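Residue-level structural notes
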Amino acid sequence: MVYLLSSIIAFLLIILFIVLNRLYNLKLASLKNKKSSSPNVKKILSKFDELLLDMIAVHDSGIKGVPAGKEGEFYKMALLRACDIVGSDRGSIMIYNNDDGLLHIIASRGISDELVEKIKLKPGTGVAGRAFEKGEIIFVTNPEKNPDYDGYMGYDEQTEPFVAVPLKIKDSTVGVLNIHLPKTKNNFTDLELKFLSILAGEISIMAENINLYQSIEKFYFELVQTLAKTIDAKDSYTGSHAITARNRAKKLAERMNIPEKFIKNIEYAAILHDIGKIGIDDRIITKPAKLTDEEYAQIKKHPEIAYDILSPIEFLSIVAKIILYHHEWFNGNGYPEGLKAEEIPLGSRIISVIDAWDAMTSDRPYRKALKKEDAINELKNGAGKQFDPDVVDAFLKLIEEEE
Ligand SMILES: [Fe+2]
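Notes on the structure in this doc start here. Just so it is clear, the structure is predicted and the values come from calculations on it, not from any experiment.

**Observations concerning the overall build of the chain**
Across its full length, the chain holds 16 helices and six strands. The burial tally for the chain puts 44% of its 403 residues in the buried class. Contacts in the chain between residues far apart in sequence, at least 24 positions, make up 61% of those at least 6 positions apart. Only carbon and sulfur atoms are counted for the fraction: they give 53% of the accessible area of the chain, which is about 21,400 Å².

**Overview of the packing of helix 14 (residues 346-360) against helix 15 (residues 372-382)**
Helices that pack against each other are described as a pair by the angle of their axes relative to one another and the distance between those axes. Helix 15 packs onto helix 14 with a crossing angle of 150 degrees between their chain directions and a minimal axis gap of 10 Å. Here helix 14 runs over helix 15; the crossing is right-handed. Residue-level contacts link Val353, Trp357 and Met360 of helix 14 to Lys372, Ala375, Ile376, Glu378 and Leu379 of helix 15. Of the residues belonging to the contact of helix 14 with helix 15, the class tally is six nonpolar, no polar and two charged.

**Regarding helix 9 (residues 260-272)**
With 13 residues, helix 9 extends 19 Å between its outermost C-alpha atoms, agreeing within 8% with the 18 Å of an ideal straight helix rising 1.5 Å per residue. By the burial criterion, the buried members of helix 9 are Ile263, Asn265, Ile266, Glu267, Tyr268, Ala269, Ala270, Ile271 and Leu272.

**A word on the coordination of the iron ion**
At the metal site, the iron ion is ligated by Asp274 (OD), His302 (NE2), His326 (NE2) and His327 (NE2), and these contacts range over 2.2 Å. Linear spacing of the donor residues for the iron ion on their chain is D-x27-H-x23-H-H. Here His302 is found in helix 12 (residues 302-310), whereas its partner His327 is found in the loop between helix 13 (317-324) and helix 14, with 25 residues between them in sequence.

**Remarks on the pairing of strand 5 (residues 162-169)**
When you tally the buried positions in strand 5, you get six out of eight residues, the bulk of the element. Alignment of strand 4 (residues 138-140) against strand 5, held across three bridges, turns out to be antiparallel. Looking across to strand 5, one finds that Phe139 is bridged to Val163. Sheet topology places strand 5 next to strand 6 (residues 172-180); eight bridges connect them, and they run antiparallel. Looking at the pairing, Lys168 lines up with Thr173 of strand 6. Counted between consecutive antiparallel strands, the loop separating strand 5 from strand 6 contains two residues, among which Lys170 sits at a positive phi close to 50 degrees.

**A word on the environment of Gly175**
Locating Gly175 in the fold gives a position in strand 6. Counting along the chain gives 43 residues from Gly175 to Phe132, while the straight-line C-alpha distance between them is 6.2 Å. When neighbours within four sequence positions are excluded, Gly175 is seen to be in contact with Met94, Ile95, Tyr96, Leu103, Phe132, Val165, Pro166 and Leu167.

**Concerning the packing of aromatic side chains**
One pass over the full model with this rule turns up four aromatic pairs. Here the aromatic rings of Phe139 and Phe188 are separated by 5.4 Å at their centres, their planes lie at 70 degrees, and the arrangement is edge-to-face. Linking Phe139 in strand 4 with Phe188 in the loop between strand 6 and helix 7 (190-234), this pair joins segments that are 49 residues apart in sequence. Residue class for Phe139 comes out partly exposed when judged on its relative accessible area of 29%. For Phe188, a relative accessible area of 6% gives the class buried.

**Comments concerning the nonpolar core**
In this structure, Leu252, Ile266, Ile350, Leu379 and Phe395 are the most contacted members of the largest nonpolar core, which totals 38 residues. Put simply, the parts of the chain that give this core at least two residues each are helix 8 (241-255), helix 9, helix 12, helix 13, helix 14, helix 15 and helix 16 (389-402). Setting aside chain neighbours within four positions, we find Leu379 in contact with Val353, Trp357, Met360, Phe387, Val392, Phe395 and Leu396.

Here is what the cut-offs are and how they apply
- Residues numbered from 1 in each chain as written.
- Predicted model: local features only at pLDDT ≥ 70, side-chain atom pairs only at ≥ 80, totals over all residues.
- Heavy atoms only, no water.
- Helix = DSSP H or I, 4+ residues; strand = E, 2+ residues; numbered from the N terminus.
- Buried < 20%, exposed > 50% of the residue type's maximum accessible area, 1.4 Å probe, protein only.
- Contact = heavy atoms within 4.5 Å.
- Areas by Shrake-Rupley, 256 points an atom, 1.4 Å probe, with all protein chains shown as cover.
- Axes fitted to C-alpha atoms, helices over the stretch in contact; angles between N-to-C directions.
- Left-handed = near helix turned anticlockwise from the far one by under 90°.
- Nonpolar A, V, L, I, M, F, W, Y, C, P; charged D, E, K, R; others polar.
- Expected span 1.5 Å × (residues − 1).
- Donors = N, O, S within 2.8 Å, 3.2 Å for Na, K, Ca; no water.
- Pairing = 2+ DSSP bridges.
- Phe/Tyr/Trp six-rings, centres within 6.5 Å; stacked < 30°, edge-to-face > 60°.
- Core = buried A, V, L, I, M, F, W, Y, C linked by side-chain atoms within 4.5 Å.

Structure follows, in structure tokens:
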């Protein structure tokens, strides 16, 4: 859905730029034909060039897509380009936050961090809030005398004229682009305002895509939690296990300096690592006695069953790999493939330790939970055999701190 939408938008924008380029070249040709060499015309053409370059930079970045976690960088870049268009050193992008119903500044230039933190506008209040609510561009020539301008809710540091351009897609407005007039100018030109509007359109499309991406991620996260609950219903032992496992996996991954973008995968893997038990006979999973070799062989299939369930979901493909190997041993004696040491994904080595700890410290149908000291000793004994010694070290420090 997002890709389809992005492709359609990218196609339309490419057409827009082709048209703009054509117009630009026609204008250039006609001016050349007139043999006009007035400095004024040259200045306009050079300005037009600059504007077009700024537009293309934002457009290029937009069609490449904004990777998760990089939204802030996109907005910052788009704002700087918008400021460049008019030569301004002060401006902001505000995006509507669905959770609190307020407009938040998510990119700024020339505004103090304190102010950025404090300004949260209700739609309809202040100039930006009004531009947002009405979906119309508002230019304020004298903010101090404008009744809608409340000095950024009493926190303003400068009061030069500015323009608030709504970030609109069709009938919905996602935010506002505020650009202040440079001190060297008396007014924005028509061309600058037109370009700011087009740029605002580009930013809106990306903002919408980012929102869509975040809703899809939220949807998947809820799906993941629902799946985890499905396992809970089947294997009572996993009830609080999944949530505890997730929190510990996150902390452990952070402690092991795993890049932030991978941590979420490890968290999901911690929640879902035993989802493959869905495909195992209930009688084996809930058996209140030690398993026979045959039953154990059945249980050993759960990582592969989980992989088959999760790997077709693109969003969970890395998670599926982590889960596939969560019963591999550091010395190569694990399953399903007998991978060794670094061959086993780090996420799987983390889940392996967390899973073993939770299993040892919980009551099982056929035995009581181990005492904490005994579980610690088991982990220490297993370091280098079943477990990655570095993960065990980090985990034991985490457990110590938890106490
Ligand atoms: Fe497992």
